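# Survey of secondary and tertiary structure
Chain by chain, the residues:
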Amino acid sequence: MKICVVGSGYVGLVTGGCFSEIGNHVVCADLAKDKIDNLNQGILPIYEPGLEEMVKRNAEKKRLTFSANPSEAVKGVDVIFVAVGTPSRSDGGAHLGYVDDVAQMVAENITKDVVLVLKSTVPVKTNSRIRNIVKDSKFKVHVVSNPEFLKEGEAVADFMRPDRIVVGIVDGDQYAQDVMQRLYHPVSLNHEKIVLMNPESAELTKYVANTMLAMRISFMNEVSTLCEKVGADVHSVRHGVGSDARIGTRFLYAGPGYGGSCFPKDVSALVHTGRDNDVEIDLAVATDKVNQRQKGVLVRKLRKKLGGDLRGRKIAVWGIAFKPKTDDIRESPALTLIDAVLADGGIIAAHDPIAADNARNLYNGKSNISIVDDEYDAAKDADALVLVTEWRPYQSPDFEKLKEVMKQPYIVDGRNIWSTYHLKQLGFDYEGIGVIGK
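Right, let's walk through the structure included here.

## Focus on the overall build of the protein
The helix and strand inventory of the protein stands at 17 helices and 14 strands. In terms of overall dimensions, the protein has a C-alpha envelope of 75 × 45 × 40 Å along the principal axes. Residues classed as buried in the protein amount to 53% of the 438 residues present. For the protein, contacts bridging at least 24 residues in sequence account for 73% of all contacts bridging at least 6. Accessible area for the protein stands at about 19,700 Å²; split by element, carbon and sulfur atoms hold 50% of it.

Below, the structure written as structure tokens:
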């Protein structure tokens, strides 16, 4: 099939790359000419394991091309994916201006009937909104809701081996249904992955899924606080609770709060959607409230241990990305920590194996912060080391070397990965989150 993906960011590149990988001819279009020029040279704007190789491979085969002229790119294609940004507004709702612009551009420039697929995360009723925009096109535009469920760091695998493919189609639109089933057939060979529903259900499913996962994280973070008060160990509690098949073990890990581009935005959007329809989603409100509080847990531990004053204290930070296997630092708990230490007059030396450049760009020109290339350089003369992101190179470090280079051997383990390493016996002052450190 001939496909155009409008928007060449995270979702657009993964979608375009993966569809070309299974044999389709795909053009990724974006108005950002610099981005398209880089893509034509094999330079991707994001880091995602396996994606760069896939993009280059299919570009060489001419199955994947890039265009800075979306109006031309949509001509002659069978399917158009909308993968542009829907940033949060100040009230928590989603800004739909980019989505509306794409719909208008499609209506004015297509040269045949098309299926227009809303891959961007959008509020309920957006499908209806877009159908109204394209209704006067010279050609038939079948509007489909197909939210993405890609995990950063595992997006290519998620696309190729999906748990489910949610497809929202207006009742009676058999053409759109047939196209979507044909499109996703290569990744549904072992069993049918498509879950068909109406557009409103598909739009809501994305928000509900991410909010439910965020809710589990926030709940366990609250439990971790209680564990510290009563002498319980959150690892043991998690294992005991997660052994119940009705609950399971996923997303039950205590930590410094969730971040990234999806959970914070989607939780807020669900709350906003509820309020727009006179429904207060109290659990979603509480999920966000707990997360905002939890993102301050690391600096609170530092202040308590170091006498309440971080002025002049050097804090080493390991991990800046909001999770491993991505360079995405948006809403990362590490940024909350760094900003708080700097505001207190402290000094930051941070390291991240992938996201360092993004952090350097963010803090360019700021004083008392350095983003270094070696994790042990970050720890040199530090009053404390804080682990924020559990990258593999951090999981079994040279603790003897750390003890030698640090000013004082104080560790705050924001991911509890060292809680069983007997660091106290090695002479470290160790704190995790809700754990009984050994």
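Following the structure, the description resumes.
## Things to note about the pattern of salt bridges
Taken as a whole, this structure holds 27 salt bridges when the rule is applied. Asp30 is the salt-bridge partner of Lys35, the closest N and O atoms lying 3.6 Å from each other. The exposure class of Asp30 is buried, given its relative accessible area of 13%. We note a salt bridge from Arg415 to Glu390, for which the minimum N-O separation is 3.3 Å. Taken together, the residues span a long stretch of sequence, with Arg415 in the loop between strand E13 (410-413) and strand E14 (429-431) and Glu390 in the loop between strand E12 (384-387) and helix H17 (399-405) at a distance of 25 residues. What makes Arg415 buried here is its relative accessible area of 19%. Residue classification places Glu390 among the partly exposed positions, given a relative accessible area of 24%. Here the salt bridges share partners, and the residues they tie into one network are Glu228, Lys301 and Glu431.

## Remarks on the sheet that holds E14
What the six strands build is an open sheet, ordered E11-E10-E9-E12-E13-E14; its pairing is parallel. Both edges of this open sheet fall to strand E11 (369-371) and E14, since each of them pairs with a single strand only. Neighbour-to-neighbour, the strand axes of the sheet open up by a mean angle of 15°, direction not taken into account. With three bridges joining them, E13 and E14 adopt parallel strand pairing. Among the inter-strand pairings, Ile411 is bridged to a residue of E14, identified as Tyr430. Across the sheet, helix H13 (residues 297-305) is in contact with strand E9 (314-318), E12, E13 and E14; its angle to E13 comes to roughly 155°. Packed onto the sheet, helix H14 (residues 333-343) meets E9, strand E10 (347-351), E11 and E12 and runs at close to 155° relative to E10.

## Points about the packing of helix H9 (residues 199-230) against helix H11 (residues 263-276)
Any two packed helices are characterised by the angle at which their axes cross and by the distance between the axes. Where H9 contacts H11, the axes come no closer than 8 Å and their chain directions differ by 115°. The interaxial crossing formed by H9 with H11 has left-handed handedness. Here Leu204, Lys206, Tyr207, Val208, Asn210, Thr211, Leu213, Ala214 and Ile217 of H9 come into contact with H11, specifically with Phe263, Asp266, Val267, Ala269, Leu270 and Thr273. Class assignment for the residues of the contact of H9 with H11 results in ten nonpolar, three polar and two charged.

## Things to note about the sheet that holds strand E2 (residues 25-29)
The eight strands are arranged E3-E2-E1-E4-E5-E6-E7-E8 in an open sheet whose pairing can be described as mixed. For this open sheet the edge positions go to strand E3 (64-67) and strand E8 (194-197), each flanked by a neighbour on one side alone. Here the strands of the sheet are splayed against their neighbours by 25° on average, with no regard to which way each runs. Pairing of strand E7 (residues 165-169) with E8 involves four bridges; the strand directions are parallel. Paired with Ile165 across the bridge in E8 is Ile194.

## Considering the packing of aromatic side chains
Under the definition given, this model contains twelve aromatic pairs. Ring centres of Tyr258 and Phe263 lie 5.9 Å apart, and the angle between their planes is 75°; this geometry places the pair in the edge-to-face category. Since its relative accessible area comes to 5%, Tyr258 is described here as buried. Its relative accessible area of 14% is what places Phe263 among the buried residues. Centroid distance Trp318 to Tyr376: 5.9 Å. Interplanar angle 85°. Geometry classified as edge-to-face. Within this pair, whereas Trp318 is found in strand E9, its partner Tyr376 is found in helix H16 (residues 375-379), the two being separated by 58 residues in sequence.

## Topic: helix H10 (residues 234-242)
It helps to recall that an α-helix has 3.6 residues per turn; residues three or four apart then point in one direction. For H10, every residue scored as buried is listed here: Val234, Arg238 and Gly242. Projected down its long axis, H10 shows its buried positions confined to an angular sector of 60°, all on one face. Away from its buried face by more than 90 degrees, H10 exposes Ser236, His239 and Gly240. In this structure, the buried side of H10 is in contact with H9. The backbone nitrogen of His235 has a side-chain oxygen 2.8 Å away, supplied by the residue at the start of H10, namely Asp233.

Calculation notes
Residues numbered from 1 in each chain as written. Predicted model: local features only at pLDDT ≥ 70, side-chain atom pairs only at ≥ 80, totals over all residues. Heavy atoms only, no water. Helix = DSSP H or I, 4+ residues; strand = E, 2+ residues; numbered from the N terminus. Buried < 20%, exposed > 50% of the residue type's maximum accessible area, 1.4 Å probe, protein only. Contact = heavy atoms within 4.5 Å. Areas by Shrake-Rupley, 256 points an atom, 1.4 Å probe, with all protein chains shown as cover. Salt bridge = Lys/Arg side-chain N within 4 Å of Asp/Glu carboxyl O. Pairing = 2+ DSSP bridges. Axes fitted to C-alpha atoms, helices over the stretch in contact; angles between N-to-C directions. Left-handed = near helix turned anticlockwise from the far one by under 90°. Nonpolar A, V, L, I, M, F, W, Y, C, P; charged D, E, K, R; others polar. Phe/Tyr/Trp six-rings, centres within 6.5 Å; stacked < 30°, edge-to-face > 60°. Arc of directions from axis to C-beta. Polar contact = N/O pair within 3.5 Å; in protein donor to acceptor, adjacent residues only side chain to side chain.

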